[in-house]
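Geometric and topological summary
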Amino acid sequence: MSNIVDPLVGRIAARVRTERERRRWTLAQLADVSGVSQAMISRIERGESSPTAVVLGKLSAAFQLSIASLLALAEGTPDGSPSVTGVRRRTDTAEWRDPGTGYRRRQITGPDFPAEVAEIHLPAGAQVPYPAAAFAFVRQVVWVLEGHLTFHDGDTVHELGAGDTIELGEPAERVFANTTDTECRYAVILTRGTQP
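Let me sum up the structure you'll find in this document. Residue numbers run consecutively from 1 along every chain, following the written order of its sequence. With pLDDT at 70 or above as the cut-off, local features in this predicted model cover only qualifying residues; side-chain atom pairs require 80 or more to be listed or tallied, and sums for whole chains, interfaces and linings still use all residues. Remark: hydrogens and water are excluded; side-chain values derive from all non-hydrogen atoms of the structure.

1. Examining the pairing of strand β4 (residues 127–130)
The two faces of the sheet receive side chains in turn, since in a regular strand these alternate between them. Of the two faces of β4, only the one carrying Val128 and Tyr130 is buried; Gln127 and Pro129 on the other face are not. Between any two strands, at least two bridges found by DSSP are needed for them to pair. A run of H or I in DSSP becomes a helix once it reaches four residues, and a run of E becomes a strand once it reaches two; helices and strands are each numbered from the N terminus. For β4 and strand β9 (residues 174–177), the ladder comprises 4 bridges, and the chain directions are antiparallel. Opposite Tyr130, over in β9, you have Arg174 as the bridge partner. Accessible area is worked out with a 1.4 Å probe on protein chains only. A residue is then buried under 20% of its type maximum, exposed over 50%, and partly exposed in between.

In structure tokens:
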């Protein structure tokens, strides 16, 4: 199924535009700050193109938001009302799919919860790099739930199996890679800090 018909893609488009306009940035200014081309940002904002995980990472870093925050804000609640505590059914949460790698991400917590939790499915052979700026102002733990994750933390490489966790320190360029022939499922848990 194409991401372009996914309602979450439209909400991501609206959120990217809202975040850009809140900062009173032009498309050119966001392109300069994020390293994403002005043409690509324009297509994303019009809902004509779904951003890849890498592009989403660059845009969220430019906004000084985590990817989880950007997606949680985009997901919001179906009718725009404030989120509520309690049971959140699997069928009530949208799943975002990276059109480039098939990487799937689902927000577990709502936008008002103090910690952000996301579940990620990384297909066999896929890898997703993020710039160091995507990790500024956050404390983050990666918890492998199933499969194997090769995690590049700057120049250091960690091989993580089911049940393993890694708590991330200072921002660095990072790569989430699945070098196996089976899917890897992991959770990302983060809280916002006051310093990068």
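2. Here we look at helix α2 (residues 27–34)
Counting along an α-helix, one turn takes 3.6 residues, and residues three or four places apart therefore face a common direction. Inspection of α2 places Leu30, Ala31 and Ser34 among the buried residues, and these make up the whole buried set. Buried residues of α2 fall within an arc of 105° about the axis and therefore sit on the same side. Looking one or two residues beyond α2, the residue adopting positive phi is Gly35, at roughly 80°. The arc refers to the directions leading from the helix axis to the C-beta atoms.

3. Re the packing of α2 against helix α3 (residues 38–45)
Angles shown run from 0 to 180 degrees and are taken between the N-to-C directions of axes, each axis being a line fitted to C-alpha atoms and, for helices, limited to the stretch in contact. Closest axis-to-axis distance for the α2/α3 pair is 9 Å, and the angle between their directions is 115°. Of the possible angle classes, the one that applies to α2 and α3 is roughly perpendicular. For the pair α2 and α3, the sense of crossing is right-handed. Across from Leu27, Ala28, Leu30, Ala31 and Ser34 in α2, the residues of α3 making contact are Gln38, Ile41, Ser42 and Glu45. Per-class residue counts for the contact of α2 with α3 are 5 nonpolar, 3 polar and 1 charged. Just so you know how the angles are binned, under 35 degrees is roughly parallel, over 145 roughly antiparallel, 65 to 115 roughly perpendicular, and the rest oblique. In this scheme, a crossing is called left-handed if the near helix is turned counterclockwise away from the far one by less than a right angle; it is called right-handed if the turn is clockwise. Two residues form a contact once any of their heavy atoms are found within 4.5 Å. Each residue gets one of three labels, nonpolar for Ala, Val, Leu, Ile, Met, Phe, Trp, Tyr, Cys and Pro, charged for Asp, Glu, Lys and Arg, and polar for the others, Gly among them.

4. Examining α3
Those residues of α3 that fall on the buried side of the exposure criterion are Ile41, Ser42, Ile44 and Glu45. End-on, the buried residues of α3 take up no more than an arc of 160°, which puts them together on one face. Directly beyond the C-terminal end of α3, a positive phi value near 75° is found at Gly47.

5. So, unusual backbone geometry
Located in the positive-phi region is Arg24, a residue other than glycine, with phi close to 60°. Note on placement: Arg24 falls in the loop between α1 (7–22) and α2. Judged by relative accessible area, which is 76%, Arg24 ranks as exposed. The phi angle at Gln64 is positive, at roughly 55°, despite the residue not being glycine. Among the structural elements, Gln64 can be located in the loop between α4 (53–62) and α5 (67–75).

6. Describing the sheet that holds strand β6 (residues 148–153)
Pairing in this open sheet of 4 strands is antiparallel, and the strands run β4-β9-β6-β7 from one edge to the other. Edge positions in the sheet fall to β4 and β7 (156–161), since each of these pairs with one other strand and no more. For this sheet, the mean inter-axis angle between neighbouring strands, taken without regard to orientation, is 15°.

7. Looking at the pattern of salt bridges
Just to be clear on terms, a salt bridge is a Lys or Arg side-chain nitrogen sitting within 4 Å of an Asp or Glu carboxyl oxygen. Applying the stated criterion across every chain yields a total of 13 salt bridges. Between Glu183 and Arg104 there is a salt bridge whose closest N-O contact spans 3.2 Å. Of this pair, Glu183 sits in the loop between β9 and β10 (184–192) while Arg104 sits in strand β2 (residues 104–107); the two residues are 79 residues apart in sequence, bridging distant segments of the chain. Residue Glu183 is classed as partly exposed on the basis of its relative accessible area, which comes to 36%. With a closest N to O distance of 2.3 Å, Arg139 and Glu167 form a salt bridge. Remark: Glu167 occurs in strand β8 (residues 165–168) and Arg139 occurs in strand β5 (residues 138–146); sequence separation between them is 28 residues. Linked by salt bridges that have partners in common, Arg15, Glu19, Arg22 and Arg23 make up one network.

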